[in-house]
Amino acid sequence: MATDTKRTAAEAWRQALENSPTRDACFTTISGKPVEPLYVPEEPSETYEEKIGYPGQYPYTRGIYANMYRGRLWTMRQFAGYGTTAQANERLKLLLAKGQTGLSCAFDLPTLMGVDSDHPSAVGEVGRLGAAVDTINDFDRYFEGIDLGGVSVSLTINAPAAILLAFLVVTARRQGVDACRLRGTLQNDILKEFHAQNEYVFPPVPSVRLVTDTIEYCTREMPLFHPVSISGYHIREAGATAAEELAFTLADGFHYVEQSIERGLDIDQFAPRLSFFFNSHIDFFEELAKFRAGRRIWARHMRNRYGAKKEKSWMLRFHVQTSGVSLQAQQPEVNVVRVAYQALAAVLGGCQSLHTNSRDETLCLPTEEAVTIALRTQQVLAHETGVVNSADPLGGSYQVEAQTDAMEAEVEQILQEIDSQGGMIAAIENGYFRRRIAESAYRFQREVDAGRRKIVGVNAFTEDESQPIPTMEVDSSVEEEQKKALAAIKASRDNTSVAEALDNIRRAADEGENVMPALIRGAEVQATVGEMMDALADVLGRYQPTS
Amino acid sequence: MPRTASPQSETAAKKRPIRVVLAKIGLDGHDRGIQVVARALRDAGMEVIYTGLWQTPEAVVRAAEDEDADVLGISILSGAHMKQIPMLINRLRERGLEHVTVIVGGIIPEADIPKLQALGVAKVFTPGSPLKEISEFLEATVRR
């Protein structure tokens, strides 16, 4: 019997491989020797089949596609944008011209926090860390000359995510692209904001309700779009360990799944559109173990605990960004090397898309030159190193498998710890996540300070004078320009329609209706991000953490 | 709290722990650094009040005044420091709090460091600064 299943699994993989498209590329070594699309044990044991198996098959330890990067490379997606949306539009076009294959849009802090450019708290922040968006006009300009029907767009936005999704729908419509054709990802992961990044506005429960509204809306109207990118990146950057990053992120994912099921959605309708976003830190094998264990745990819980039937519901798809905190201000050129190793771990870990950080990010927003090197790092990996030729090339290594198993066990233990505190919301409210993250961050810093952990250029191999590298400055006239444009819109738009639209948003929020249609209407009549956030906050409240 | 009570208590007054108010100004929520620093300064024997995220310069200066702070530590990682720090220093002057040692941490380009120091910032600590360097700097700088 066991032999039969073995043959079946291996044959199923071979069959899937034959049915998969193959890129037009050279899948041999640089010396011209053949490389197999997958290497497996000569006599696969039952344990091998259950825990490791074949790429494209449950539990996906070795990857989610049968032929992995032989079929399609990961999407090279550099996060970009600052200044006005007109300036950000130029950066997006530049990246497309350099061969980038997807767009990733950054917004400034006022937009991320859901306040307009003329708000008192926005002073000094407008257009600084991303593009400034107040109304639909800004959004239209962000994508001017970029066909939203032809490129996938990732929007990094959380508390006001539903509002920016409404903007995207309206901008696309104005381009003649129906929402059902839109591809891309909304970050929209509010739970990690409470754990780590602190860009929350509403309290946890109504915040999650808005996420569920967008999942519901996308499931019905935007079947190609990923409504939420469940993110460990920021949790890790805040100081969590690799296992904490993975466990907290998966727990967040399970919470969205549970809420969506409670909403009455069919898991196999929405789960295939959930995607993840992880960090790739500097410990190469630990990261690899994290990606592999993550796929296995997600698949098992989705199938066994939540009863998902479709294979696509079991697959953990993820974007990776290399670790910002691992980069150093001292000897910044060395960061290029760090990024390359981290990118290698992400690719060997089977990511679906990747952002490589620029060497200057501890100093400023990346210069054009630094962004180009970062993108080229991915292109070298993809086209020169040969690591894309076979799926999960490090699978089967004693160390990699042992670390993957250990990661899985630790993550399961943390998941139980969260459950035992009464679940996600209770654990947020009692400060569990933040406490653990702060503890881990402190432990790490103490190790570095004591010299037990060496960081090149920081506490080892230091140089008195490091070579300065060119840095970028954001033009501070952006703030005035943006405020002027906003004032002009407020003066020229139909303010009666705006007031009606805002009332309608309050009503929808209050009656527990899906808020998306009301937000789309608000976008159309040029209501601002801040006005719509305030309307929602009138009903949902604002969160004041206790600690 | 009186700074010195009587000659007998002068040594005690000198030895009172350094009081530090830490704050994040502006909208940026990156608080890993400031939390680690808060803990390290506490471990070094200082009294630390962390006022939390999203503070305005006014609120921070008020906290420094209310808490009788020796040190005001500001963390900014958004790049808004050249707008926010001058506002903060002006408020401190208006309240007669020039004696408060101001330190800044975060993503601060090298070119901005002398500008901040000219405004009256005692020291800027960029990412990678050892925790001990911060506490030793304060021990050496703060007059009690």
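Computed from a predicted model, the values in this text were never measured in an experiment.

Remarks on the overall build of chain A
Then comes step 1: If you tally the helices and strands in chain A, you get 22 helices and ten strands.
Then comes step 2: For a compact globule of 547 residues, the expected C-alpha radius of gyration is about 24 Å, and chain A comes in at 23 Å, within 12% of that figure.
Then comes step 3: Counting only C-alpha atoms and orienting by the principal axes, one finds that chain A spans roughly 75 × 60 × 50 Å.
Then comes step 4: On chain A, roughly 21,400 Å² of surface is accessible, and the fraction owed to carbon and sulfur atoms is 50%.
Then comes step 5: For chain A, the centre of its 55 positive side-chain charges and the centre of its 75 negative side-chain charges are spaced 3 Å apart.

Quick word on the interface of chain B and chain A
Then comes step 1: The interface of chain B with chain A comprises 27 residues on the first partner and 38 residues on the second.
Then comes step 2: Both sides of the chain B and chain A interface together cover about 2,500 Å² of buried area, and 55% of this is carbon and sulfur.
Then comes step 3: Here chain B and chain A share four salt bridges between them.
Then comes step 4: The residue A:Glu479 makes a salt bridge to B:Lys83 at a minimum N-O spacing of 3.9 Å.
Then comes step 5: Where chain B meets chain A, there are twelve residue pairs in polar contact (both at pLDDT 80 or more).
Then comes step 6: When contributions to the side of chain B that touches chain A are tallied by element, the ones reaching two or more residues are α2 (32-43), α4 (81-94) and α6 (131-141) of chain B.
Then comes step 7: Per-element tally for the side of chain B that touches chain A: the top contributor is α2(B), with six residues.
Then comes step 8: Across the side of chain B that touches chain A, the residue classes tally to twelve nonpolar, eight polar and seven charged.

Focus: helix α8 (residues 204-221) of chain A
Then comes step 1: Its 18 residues give α8(A) an end-to-end C-alpha distance of 26 Å, which sits within 8% of 26 Å, the value for a rise of 1.5 Å per residue.
Then comes step 2: Most of α8(A) is tucked away, with 15 of its 18 residues classed as buried.

A word on the sheet that holds strand β5 (residues 184-186) of chain A
Residue and element names in this part refer to chain A.
Then comes step 1: Read from one edge of the open sheet, five strands run β2-β3-β4-β5-β6, paired in parallel fashion. Each end of this open sheet is capped by a strand with a single partner; those strands are β2 (79-80) and β6 (225-226).
Then comes step 2: Pairing of strand β4 (residues 153-155) with β5 involves three bridges; the strand directions are parallel. By the bridge assignment, Ser154 is partnered in β5 with Thr185.
Then comes step 3: Of the strands in this sheet, β2 and β3 (103-105) touch helix α3 (residues 85-97), which is tilted by about 155 degrees from β3.

Concerning the pairing of strand β1 (residues 19-24) of chain B
Regular strands place side chains that alternate from one sheet face to the opposite one.
Residue and element names in this part refer to chain B.
Then comes step 1: Buried residues dominate β1, accounting for six of its six residues.
Then comes step 2: Every second residue of β1 is oriented toward a common face, with Arg19, Val21 and Ala23 on one face and Val20, Leu22 and Lys24 on the other, all of them buried.
Then comes step 3: Looking at chain direction, β1 and strand β2 (residues 47-50) are connected through four bridges and run parallel. For Val21, the partnering residue across the bridge sits in β2 and is Ile49.
Then comes step 4: Taking the sense of rotation as the criterion, the β-α-β connection linking β1, α2 and β2 turns out right-handed.
Then comes step 5: As paired strands, β1 and strand β3 (residues 71-76) are joined by five bridges and run parallel to one another. Bridging from a neighbouring strand, Leu22 pairs with Gly73 of β3.

A closer look at the pattern of salt bridges
Then comes step 1: Taken as a whole, this structure holds 47 salt bridges over all chains when the rule is applied.
Then comes step 2: Here A:Glu216 makes a salt bridge to A:Arg220, at a shortest N to O gap of 3.2 Å. Separated by four residues within a single helix, A:Glu216 and A:Arg220 lie in helix α8, roughly one turn from each other.
Then comes step 3: Since its relative accessible area comes to 8%, A:Glu216 is described here as buried.
Then comes step 4: Its relative accessible area of 57% is what places A:Arg220 among the exposed residues.
Then comes step 5: When the shortest N-O distance is used, the salt bridge between A:Arg434 and B:Asp31 registers 3.0 Å. Of the two residues, A:Arg434 sits in helix α18 (residues 432-449) while B:Asp31 sits in the loop between β1 and α2, which places them in two different chains.
Then comes step 6: On the basis of relative accessible area, A:Arg434 is assigned to the partly exposed category, the value being 24%.
Then comes step 7: B:Asp31 gets classed as buried once you look at its relative accessible area, which sits at 6%.
Then comes step 8: One continuous salt-bridge network, built from bridges that share partners, spans A:Lys51, A:Arg296, A:Arg300, A:Asp405, A:Glu408 and A:Glu412.

Here we look at a nonpolar patch on the surface
Then comes step 1: Together, A:Ile282, A:Val337 and A:Tyr341 give the surface a local cluster of nonpolar side chains, amounting to about 290 Å² of exposed area.
Then comes step 2: Topologically, A:Tyr341 is positioned in helix α14 (residues 335-348).

What to know about the sheet that holds strand β5 (residues 123-125) of chain B
Residues and elements named next belong to chain B.
Then comes step 1: Read from one edge of the open sheet, five strands run β2-β1-β3-β4-β5, paired in parallel fashion. The strands lining the two open edges of the sheet, one partner per strand, are β2 and β5. Averaged over all neighbouring strand pairs, the angle between strand axes comes to 20 degrees, with direction disregarded.
Then comes step 2: Each of β3 and β4 (101-106) is contacted by α4, which is oriented at about 160 degrees to β3, the strand it contacts most.

Focus: the environment of A:Gln331
All names here are of chain A.
Then comes step 1: Along the polypeptide, Gln331 turns up in the loop between β9 (318-322) and α14.
Then comes step 2: Look at Gln331 and you get buried, because its relative accessible area is 13%.
Then comes step 3: Along the primary structure Gln331 and Ile469 are separated by 138 residues, whereas in three dimensions their C-alpha atoms are 9.1 Å apart.
Then comes step 4: Polar contacts involving the side chain of Gln331 include one to the main-chain carbonyl oxygen of Phe461, which spans 2.9 Å.

Comments concerning the pairing of β4(B)
All names here are of chain B.
Then comes step 1: Where burial is concerned, most of β4 is hidden: six out of the six residues are buried.
Then comes step 2: The alternating pattern of β4 places Thr101, Ile103 and Gly105 on one face and Val102, Val104 and Gly106 on the opposite face, and all of these are buried.
Then comes step 3: In this structure, β3 lies alongside β4, joined through six bridges in parallel fashion. Each residue of the ladder has a partner; that of Ile76, found in β4, is Gly106.
Then comes step 4: For the crossover from β3 across α4 to β4, the handedness is right-handed.

Quick word on the nonpolar core
Then comes step 1: Core analysis: the biggest nonpolar cluster contains 150 residues, and A:Trp74, A:Phe107, A:Phe139, A:Leu155, A:Leu519 and A:Leu536 have the highest contact counts within it.
Then comes step 2: Core analysis: the next-biggest nonpolar cluster, separate from the first, contains 24 residues, B:Ile25, B:Leu92, B:Leu97 and B:Val124 among them.

Observations concerning unusual backbone geometry
Then comes step 1: Cis peptide bonds are those with omega within 30 degrees of zero, and the linkage from A:Tyr58 to A:Pro59 qualifies with 0 degrees.
Then comes step 2: As for its position among the elements, A:Pro59 is in the loop between α2 (46-52) and β1 (75-76).
Then comes step 3: The phi torsion at B:Asp68 lies on the positive side, around 55 degrees, for a residue other than glycine.
Then comes step 4: Position of B:Asp68 relative to the elements: it lies in the loop between α3 (57-66) and β3.

How each quantity is defined
Residues numbered from 1 in each chain as written. Chains lettered and ligands numbered in written order. Predicted model: local features only at pLDDT ≥ 70, side-chain atom pairs only at ≥ 80, totals over all residues. Heavy atoms only, no water. Helix = DSSP H or I, 4+ residues; strand = E, 2+ residues; numbered from the N terminus. Rg over C-alpha atoms; globule rule 2.2 N^0.38 Å. Areas by Shrake-Rupley, 256 points an atom, 1.4 Å probe, with all protein chains shown as cover. Lys, Arg positive; Asp, Glu negative; His and termini not counted. Charge placed at Lys NZ, Arg CZ, Asp CG, Glu CD. Contact = heavy atoms within 4.5 Å. Buried area = accessible area lost by both parts, 1.4 Å probe. Salt bridge = Lys/Arg side-chain N within 4 Å of Asp/Glu carboxyl O. Polar contact = N/O pair within 3.5 Å; in protein donor to acceptor, adjacent residues only side chain to side chain. Nonpolar A, V, L, I, M, F, W, Y, C, P; charged D, E, K, R; others polar. Expected span 1.5 Å × (residues − 1). Buried < 20%, exposed > 50% of the residue type's maximum accessible area, 1.4 Å probe, protein only. Pairing = 2+ DSSP bridges. Axes fitted to C-alpha atoms, helices over the stretch in contact; angles between N-to-C directions. Right-handed = clockwise from strand over helix to strand, strands pointing away. Patch = residues over 30% accessible without salt bridge, like charges linked within 9 Å, V, L, I, M, F, W, Y side chains within 5 Å. Core = buried A, V, L, I, M, F, W, Y, C linked by side-chain atoms within 4.5 Å.

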